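Tertiary structure, described
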Amino acid sequence: EDQVTQSPEALRLQEGESSSLNCSYTVSGLRGLFWYRQDPGKGPEFLFTLYSAGEEKEKERLKATLTKKESFLHITAPKPEDSATYLCAVPGSQGNLIFGKGTKLSVKP
Amino acid sequence: GAGVSQSPSNKVTEKGKDVELRCDPISGHTALYWYRQSLGQGLEFLIYFQGNSAPDKSGLPSDRFSAERTGGSVSTLTIQRTQQEDSAVYLCASSHGSGFRSNQPQHFGDGTRLSIL
């Protein structure tokens, strides 16, 4: 069964304190891995797609990396506005995305 | 705007009533998806459309749930005889292409928050 697991469930950082979020997956034939950001009361906002092991994508303070079993979202020198829930997902067999439960990131000034 | 639009943004109704949720996808996106997000839970896939067709309806929680899409654009999700466990945020997404081999990112609306009293 295809599965996505994210850790930690919650992460509290001080402004400027870099860290990483983990997304491990079990799928039969990876066809991409997606990272999203979700703010309270909003829908998920697309950040990155990674297609193959070794691939990296960057956007501002965020960098996503992919291996054969997991993906990391590295946050460098975070700011309070980076506070959100970060979701990762992989394509399922029904045309859907299979989401992890997310990591809730809080960045304190 | 150019994003996925959902209406209403909030809906409060009494148990047993029917509700209809609407999704207007990004122009040109052929695929449309419905998900449900309950408090503290992950996103639960409900159904997807390629054009006006829904190849697999097995993700719908019960036969009280139905969905349709017309003109390859707007979709409605209908819940009949609502129950309290139907309370959740219903999210719609759209993408270029679809199908189980698709790797196109899905773009989400802000959802309809449904509360059943």
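Everything here concerns the structure above.
If you're wondering where the values come from, they're calculated on a predicted model, not measured in any experiment. (Residues numbered from 1 in each chain as written. Chains lettered and ligands numbered in written order. Predicted model: local features only at pLDDT ≥ 70, side-chain atom pairs only at ≥ 80, totals over all residues. Heavy atoms only, no water.)

**Topic: the overall build of chain A**
What counts here: What counts as a helix is a DSSP run of H or I of at least four residues, what counts as a strand is a run of E of at least two, and both are numbered from the N terminus. The reference for a compact globule is 2.2 Å times residues^0.38; the radius of gyration itself is calculated from the C-alpha atoms. Residue contacts are defined here by distance: any two heavy atoms, one from each residue, within 4.5 Å place the two residues in contact. All accessible-area figures derive from a Shrake-Rupley calculation using a 1.4 Å probe, and residue coverage is judged against the displayed protein chains alone. The charged-residue count follows a simple rule in which Lys and Arg add positive charge and Asp and Glu add negative charge, with His and chain termini not counted at all. To locate a charge, take NZ of a lysine, CZ of an arginine, CG of an aspartate or CD of a glutamate.
Along its length, chain A carries zero helices and eleven strands. By the compact-globule yardstick of 13 Å for 109 residues, chain A fits well, its C-alpha radius of gyration being 13 Å. In chain A, of all internal contacts separated by at least 6 residues, the share reaching a separation of at least 24 is 53%. Surface exposure of chain A reaches about 5,300 Å², of which carbon and sulfur atoms provide 46%. Each charge class in chain A was averaged separately, 14 positive and 14 negative side chains, and the resulting centres sit 2 Å apart.

**Quick word on the interface of chain B and chain A**
As a reminder of what qualifies: Salt bridges, as used here, are contacts in which a Lys or Arg side-chain nitrogen is within 4 Å of a carboxyl oxygen on Asp or Glu. A 3.5 Å cut-off defines polar contacts: any pair of N or O atoms within that distance qualifies, except that in protein one atom must be a possible hydrogen donor and the other a possible acceptor, and neighbouring residues in sequence count only when both atoms are side-chain atoms. Amino acid classes used here: Ala, Val, Leu, Ile, Met, Phe, Trp, Tyr, Cys and Pro are nonpolar; Asp, Glu, Lys and Arg are charged; the rest, including Gly, are polar.
Each side of the interface is counted separately: chain B has 25 residues, and chain A has 21 residues. Our count for the chain B to chain A interface comes out at one salt bridge. For B:D110, the salt bridge goes to A:K42, with nearest N and O atoms at 3.8 Å. Viewed at the interface, chain A and chain B are joined by five residue pairs in polar contact (both at pLDDT 80 or more). Elements that contribute at least two residues to the side of chain B that touches chain A include exactly β4 (31-37), β5 (43-50) and β9 (107-108) of chain B. Tallied by class, residues from the side of chain B that touches chain A come to nine nonpolar, twelve polar and four charged.

**Comments concerning the pairing of strand β1 (residues 3-7) of chain A**
Remember that side chains alternate between the two faces of the sheet whenever the strand is regular. Residues and elements named next belong to chain A. We apply this condition: To sort residues, take the accessible area from a 1.4 Å probe on protein chains only and compare it with the maximum for the residue type: under 20% means buried, over 50% means exposed, and anything in between is partly exposed. Strand pairing is defined by DSSP finding a minimum of two bridges between the two strands.
A one-sided burial pattern is seen for β1, the buried positions being V4 and Q6 and the unburied ones Q3, T5 and S7. As defined by bridge partners, β1 adjoins strand β3 (residues 19-26) across five bridges and the pair is classed as antiparallel. Among the inter-strand pairings, T5 is bridged to a residue of β3, identified as S24.

**Section: unusual backbone geometry**
In this chain, A:S7 is followed by A:P8 through a cis amide linkage whose omega measures -10°. With respect to the secondary-structure elements, A:P8 resides in the loop between β1 and β2 (10-14). Along the chain, B:S7 connects to B:P8 via a cis peptide bond; the corresponding omega equals -10°. Within the fold, B:P8 resides in the loop between β1 (5-7) and β2 (10-13). With phi around 45°, A:A77 is a residue other than glycine that occupies positive phi space.

**Concerning the pattern of salt bridges**
Oppositely charged side chains may form a pair once their charged atoms are brought near each other. All names here are of chain A. Per the stated rule, a full pass over the model turns up seven salt bridges over all chains. Two residues, R61 and D82, come together in a salt bridge whose shortest N-O distance is 2.8 Å. One end of the pair, R61, is in the loop between β6 (56-59) and β7 (62-66); the other, D82, is in the loop between β8 (70-75) and β9 (84-91), and 21 residues separate them in sequence. Like D82, R61 is buried.

**A closer look at the state of the cysteines**
Selection criterion: The term disulfide is used for any two cysteine sulfur atoms that are within 2.5 Å.
Summed over all chains, the structure comprises two disulfides over all chains. One disulfide in the model links A:C23 with A:C88; its S-S distance is 1.9 Å. Of note, the bridge from A:C23 to A:C88 carries an S-S torsion of about 80° and is right-handed in sense. Placement of A:C23 in strand β3 and of A:C88 in strand β9 is noted, with a sequence separation of 65 residues between them. Residue A:C88 is classed as buried on the basis of its relative accessible area, which comes to 0%. Put simply, B:C23 and B:C92 are joined by a disulfide, and their sulfur atoms are 1.9 Å apart. Between B:C23 and B:C92 the sulfur-sulfur dihedral comes to about -70°; the bridge is accordingly left-handed.

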